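Topology and contacts: notes
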Amino acid sequence: GHEHIDVAASLANIGSVYLKLGKYEEALEYYNRDLEITVKNLGDDHIDVAASLLNIGSVYLDLGNYEEALEKFNEALRIQRSKLGDD
């Protein structure tokens, strides 16, 4: 259905195209929907959630919204460290 994890991956891919096109609002819309579905399917501390947060952070970085970008990147890093270790 519409909430399947494969749908999330497709949404992320579409978000990436919008990011490349410089259509930041659209990119955020698709990336945030990807994040929502990923969390719903895998939990909020899954490594795929970190990837979704990195995508969102990249949009904020391109927009010059550095505080928001840093927040997303730090959240992703926290998940990565908890799942992968500090090394």
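A few points on the structure. (Residues numbered from 1 in each chain as written. Predicted model: local features only at pLDDT ≥ 70, side-chain atom pairs only at ≥ 80, totals over all residues. Heavy atoms only, no water.)

1. Description of the packing of aromatic side chains
Applying the stated criterion across every chain, the model contains 1 aromatic pair. With a centroid separation of 5.5 Å and an interplanar angle of 35°, the aromatic rings of Y18 and Y30 are classed as tilted. Within this pair, whereas Y18 is found in helix 1 (residues 5–20), its partner Y30 is found in helix 2 (residues 24–42), the two being separated by 12 residues in sequence. Taking relative accessible area as the criterion, Y18 reaches 23% and is therefore assigned partly exposed. (Phe/Tyr/Trp six-rings, centres within 6.5 Å; stacked < 30°, edge-to-face > 60°. Helix = DSSP H or I, 4+ residues; strand = E, 2+ residues; numbered from the N terminus. Buried < 20%, exposed > 50% of the residue type's maximum accessible area, 1.4 Å probe, protein only.)

2. Thoughts on the pattern of salt bridges
Scanning the model with the defined rule gives 4 salt bridges in all. With a closest N to O distance of 2.7 Å, E3 and R33 form a salt bridge. Here E3, found in the segment before helix 1, pairs with R33, found in helix 2; they are 30 residues apart in sequence, far enough to count as distant. Here E3 falls in the partly exposed class, since its relative accessible area comes to 28%. We note a salt bridge from R33 to E36, for which the minimum N-O separation is 2.7 Å. (Salt bridge = Lys/Arg side-chain N within 4 Å of Asp/Glu carboxyl O.)

3. Brief notes about helix 2
In a regular helix each residue adds 1.5 Å, so 19 residues correspond to 27 Å; helix 2 covers 26 Å between its end C-alpha atoms and thus fits that length. Against helix 1 and helix 3 (47–63) lie the buried residues of helix 2. Taken from the residues just after helix 2, G43 is the one with a positive phi, measuring 95°. (Expected span 1.5 Å × (residues − 1). Contact = heavy atoms within 4.5 Å.)

4. A look at the environment of E29
Relative to the helices and strands, E29 is located in helix 2. The exposed category is assigned to E29, whose relative accessible area is 55%. Each C-alpha atom, one on E29 and one on Y18, is 9.8 Å from the other, the two residues being 11 residues apart in sequence.

5. Here's the deal with the side chain of D34
Examined against the element boundaries, D34 turns out to sit in helix 2. Of the side chains with opposite charge, R33 comes closest to the buried, unpaired D34, at an N-O distance of 9.4 Å. Excluding anything up to four places from it in sequence, D34 contacts A8, A9, L11, A12 and S52. (Lys, Arg positive; Asp, Glu negative; His and termini not counted.)

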